[in-house]
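Okay, here's what each chain looks like letter by letter:
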Amino acid sequence: MASTPKARPIVEKMSGYTPGEQPRPGERVIKLNTNENPFPPSPAVIEAIRRIDPERLRRYPSPTSEDFRQTAARVHGVSPDMIIAGNGSDEILALAARSYLGPGDVLAYPDPTYSLYPVLAEIGEIKGTAVPWAAGWQLPIDALLATRPRAIFFANPNAPTGTLVPANQVRELAERFSGLLLVDEAYVDFADENSLGLLADFPNLMITRTLSKGYGLAGLRFGYAIAAPAVVAAMGKVKDSYNCDAVAITAAAAALEDQAYARRTWQLVRQERARVSEALVRRGWQVIPSQANFVLAACPGGQAAAIYRALKAKRILVRFFDKPGLDDKLRITIGTAEENDQLLAALTDP
């Protein structure tokens, strides 16, 4: 009799990526645990989806997501051959790992950071090497290079801390490193600066972006990378033939086109981030200064797990990481003013 096939040994023993908790359909909660934008996407997105010609759904979509590629190139001031789109920036990260790293190669990243990086390393039998951040959440350039990596990934602003590596430090690392340097800018729309200006000087630099955070499209799943044409071409060889569907391409292009709407929402998030941070500090929390749409804060008395459970009982979801260095802290997504008020009230009430 046939038996269930066994996965690769590395897959059998790995844990995999752990996403944030999702409420059940119809369940009413204040969801501040997975860093979604608290505002809906631009009305232009909904209108673009509404106007889609059914003929476009009958046919395969553009294999290069060409409408989006043209829009992104125009918005960012680069050529279209420097853009590659994916099913969320997670797919872009996976494509980069698959294109530039093989079994035994070293992928270095600061720690703590986005927990998908070590998972991608495990899947590819790559040597994922975590390097502690330097004091003050500074980029540990020397320590990263000492691992002799073939690639370096880091989130900027970082997850889960929200801290930002200034562009001059990114430049210093790029000048000293010849492998693939991937700067994951998933949260950069809420930050004061980005690394786009470095692309012209460093052909080994790749910048990844997502529409999940800054554009209110986490449910759509659309991300992209900006890199040298040769890097984009290499990744294009290993991606799925039609990795982005026609609806997503249309909606993503419309979202990126409406910069005025997006920038208004980013400013509102920044204002609420400052207000929530100040309110937490007044309540005795230690808040790490954030450039993202969330804050990471140490709880009074280090009782993060207990506060997480108490908030959940009040139908407020935040993120608790049960690991050393983070288990005294909670990561709190910035919501609407009303959601943030309810969070702060819940933290004040016994």
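In what follows, the structure referred to is the one given above.
One structure accompanies this document, and this report is about it. All figures in this text were calculated on a predicted structure; none of them were measured in a lab. (Residues numbered from 1 in each chain as written. Predicted model: local features only at pLDDT ≥ 70, side-chain atom pairs only at ≥ 80, totals over all residues. Heavy atoms only, no water.)

## Brief notes about the overall build of the protein chain
Put simply, the test is: Helix and strand labels come from DSSP, where a helix needs a run of H or I of at least four residues and a strand needs a run of E of at least two; each type is numbered from the N terminus. Both definitions apply: the radius of gyration is a C-alpha atom measure, and the globule rule equals 2.2 Å times residues to the power 0.38. Buried residues are those whose accessible area, probed at 1.4 Å on protein chains only, stays under 20% of the maximum for their type, while exposed residues exceed 50% and partly exposed ones sit between those limits. We call two residues in contact when some of their heavy atoms are within 4.5 Å. For every accessible area listed, the method is Shrake-Rupley and the probe measures 1.4 Å; residues are considered covered only by the protein chains on display. Only four residue types enter the charge count, namely Lys and Arg as positive and Asp and Glu as negative; His and the chain termini do not. For this purpose, a charge sits on NZ of Lys, CZ of Arg, CG of Asp or CD of Glu.
Helix and strand content of the protein chain: 13 helices and 13 strands. Taking 20 Å as the expected radius of gyration for a compact globule of 350 residues, we find that the protein chain reaches 20 Å, a close match to that expectation. Each principal axis of the C-alpha distribution contributes one length, and for the protein chain these read about 60 × 55 × 50 Å. Counting only residues that meet the buried cut, the protein chain has 52% of its 350 residues in that class. Considering only contacts in the protein chain between residues 6 or more positions apart, those separated by 24 or more positions represent 71%. When the accessible surface of the protein chain is summed, it comes to about 16,200 Å², and 53% of that surface belongs to carbon and sulfur atoms. Of the side chains in the protein chain, 39 bear a positive and 38 a negative charge, and the two mean positions are spaced by 3 Å.

## Observations concerning helix α5 (residues 89–100)
Selection criterion: A helix is expected to span 1.5 Å for every residue after the first.
Here α5 contains twelve residues, and its C-alpha end-to-end distance of 16 Å stays within 8% of the 16 Å for a straight helix at 1.5 Å per residue. S89, E91, I92, L93, L95, A96 and A97 are the residues of α5 that are buried.

## Overview of the environment of A44
Counting through the fold element by element, A44 comes out in helix α2 (residues 43–50). Assessed through its relative accessible area of 32%, A44 is described here as partly exposed. Separated by 211 residues in sequence, A44 and A255 place their C-alpha atoms 6.9 Å apart.

## Regarding the sheet that holds strand β7 (residues 205–210)
Keep this limit in mind: At least two DSSP bridges between two strands are needed for those strands to be called paired. Axis definition: a line fit to C-alpha positions, over the contact stretch in the case of helices; interaxial angles, taken between N-to-C directions, run 0 to 180 degrees.
Reading across from one edge, β2-β8-β7-β6-β5-β3-β4 is the order of the seven strands in this open sheet, with mixed pairing throughout. Where the open sheet ends on each side, the last strands, each with one partner, are β2 (83–86) and β4 (127–132). Recorded for the sheet is a direction-independent mean angle of 20 degrees between the axes of neighbouring strands. In this structure, strand β3 (residues 106–111) lies alongside strand β5 (residues 151–155), joined through two bridges in parallel fashion. Bridged to A108 within β5 is I152. Running over the sheet, helix α6 (residues 116–123) touches β3, β4, β5 and β6 (180–184) and is turned about 160 degrees from β3.

## Side note on the side chain of T161
Threshold: Polar contacts, as counted here, are pairs of nitrogen or oxygen atoms within 3.5 Å of one another; within protein the pair requires one atom able to donate a hydrogen and one able to accept it, and residues that are adjacent in sequence qualify only if both atoms are side-chain atoms.
Along the chain, T161 falls in the loop between β5 and α8 (167–176). For T161, the side chain forms a polar contact with the side chain of T163, separated by 2.7 Å. Among residues more than four places away in sequence, those in contact with T161 are W137, I288, P289, F294 and L296.

## A look at the pattern of salt bridges
Selection criterion: Whenever Lys or Arg places a side-chain nitrogen within 4 Å of a carboxyl oxygen from Asp or Glu, that contact is recorded as a salt bridge.
Overall, the coordinates contain 20 salt bridges when judged by the stated rule. One salt bridge connects E47 with R50, and the closest N-O pair in it is separated by 2.9 Å. Linking E47 with R50, this pair stays in helix α2, spanning three residues, or about one helical turn. Salt-bridge contacts for R51 lead to E47; the nearest nitrogen and oxygen are separated by 3.8 Å. Linked by salt bridges that have partners in common, R24, E27 and R315 make up one network.

## Examining the packing of α5 against α6
Formally: Roughly parallel here means an angle under 35 degrees, roughly antiparallel means over 145, roughly perpendicular means 65 to 115, and every remaining angle is called oblique. Handedness of each helix crossing follows the sense of rotation of the near helix against the far helix: counterclockwise by less than a right angle gives left-handed, clockwise gives right-handed. Gly falls in the polar group here, along with every residue not listed as nonpolar (Ala, Val, Leu, Ile, Met, Phe, Trp, Tyr, Cys, Pro) or charged (Asp, Glu, Lys, Arg).
As a packed pair, α5 and α6 sit with axes 10 Å apart at the nearest point and diverge in direction by 40 degrees. In terms of their interaxial angle, α5 and α6 are classed as oblique. Note on packing geometry: the crossing formed by α5 with α6 is right-handed. In contact with D90, L93 and A94 of α5, α6 contributes L116, Y117 and L120. Taken together, the residues that form the contact of α5 with α6 break down as five nonpolar, no polar and one charged.

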